[in-house]
Amino acid sequence: MLDTYVLPVSADEPTTVAESLALLEHELDEVPDAVFPGLSGQPPELDPWEVVEILGADMRSGKLKGFAGYVGGFPAGLCLVGALAAFGPSAAATTGRVPTVACLLVVPRYRRLGLGRVLLAEAESALAAEGETFLDAYPPKTRPGKETGPLGTFLQAGFVRMGEAGDRILVRKTLGTTRARKVG
């Protein structure tokens, strides 16, 4: 059994913020074309390193918070949520901000353990405790019939397709309906 645990990531937890940024930077070094769900409002030409800078600033300011997953004491996954601009199925910004997954990342060697779903479940529980009723995410489009990667994780966690937003799929989860399984 793997020694797995989850810690909160917030402006009040500078260590997990620093470790989360290190994880994002490491994974971006490994996968230069990394995508981050929830940031579909960013211009498509935005460099992934700029996205990491935005995520870091938003974590330090408290705009984003979430949970980091650790396996064997090493950062293995990250889920960040915040109140971000809402996007409708036409990829046009709507009025207001909605709870949105800005980043869901699991290190490749720790995938298929259910860590992504566990991180989402933790974020959902925290948002529900704050009175939120739903959570949006924008995973990248996949090939037709291929619901793997981030999209597959969201669908397995109980998110449903709501439409498309540019190069992303808008998925939404009604909070309080997660059925995450144990990691490991």
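In what follows, the structure referred to is the one given above.
Criteria and cut-off values
Residues numbered from 1 in each chain as written. Predicted model: local features only at pLDDT ≥ 70, side-chain atom pairs only at ≥ 80, totals over all residues. Heavy atoms only, no water. Patch = residues over 30% accessible without salt bridge, like charges linked within 9 Å, V, L, I, M, F, W, Y side chains within 5 Å. Areas by Shrake-Rupley, 256 points an atom, 1.4 Å probe, with all protein chains shown as cover. Salt bridge = Lys/Arg side-chain N within 4 Å of Asp/Glu carboxyl O. Lys, Arg positive; Asp, Glu negative; His and termini not counted. Charge placed at Lys NZ, Arg CZ, Asp CG, Glu CD. Helix = DSSP H or I, 4+ residues; strand = E, 2+ residues; numbered from the N terminus. Buried < 20%, exposed > 50% of the residue type's maximum accessible area, 1.4 Å probe, protein only. Pairing = 2+ DSSP bridges. Expected span 1.5 Å × (residues − 1). Arc of directions from axis to C-beta.

Draft legend 1. The arrangement of a negative patch on the surface in detail. A grouping of Glu25, Asp29, Glu30, Asp47, Glu50 and Glu53 is seen on the molecular surface, where their side chains present a negatively charged patch. The element that contributes the greatest number of residues to the negative patch is helix H1 (residues 14-30), accounting for three residues. In this structure, Glu50 sits in helix H2 (residues 48-61).

Draft legend 2. The pairing of strand E2 (residues 64-71), seen in detail. Among the eight residues in E2, seven count as buried, and that is most of the element. Pairing of strand E1 (residues 4-9) with E2 involves six bridges; the strand directions are antiparallel. Of the residues in E2, the one forming a bridge with Val6 is Gly69.

Draft legend 3. Structural view of unusual backbone geometry. Unlike most non-glycine residues, Arg112 shows phi in positive territory, near 75°. Secondary-structure assignment places Arg112 in the loop between strand E4 (93-106) and helix H3 (115-129).

Draft legend 4. Representation of H1. The end-to-end C-alpha distance of H1 is 24 Å, a good match for the 24 Å that 17 residues give at a rise of 1.5 Å each. Within H1, the full set of buried residues consists of Thr16, Val17, Ser20, Leu21, Leu23, Leu24, Glu27 and Leu28. Along the axis of H1, the buried positions cluster into a sector of 160°, meaning they face one direction only. The exposed residues of H1 that point more than 90 degrees off its buried face are Pro14, Thr15, Asp29 and Glu30.

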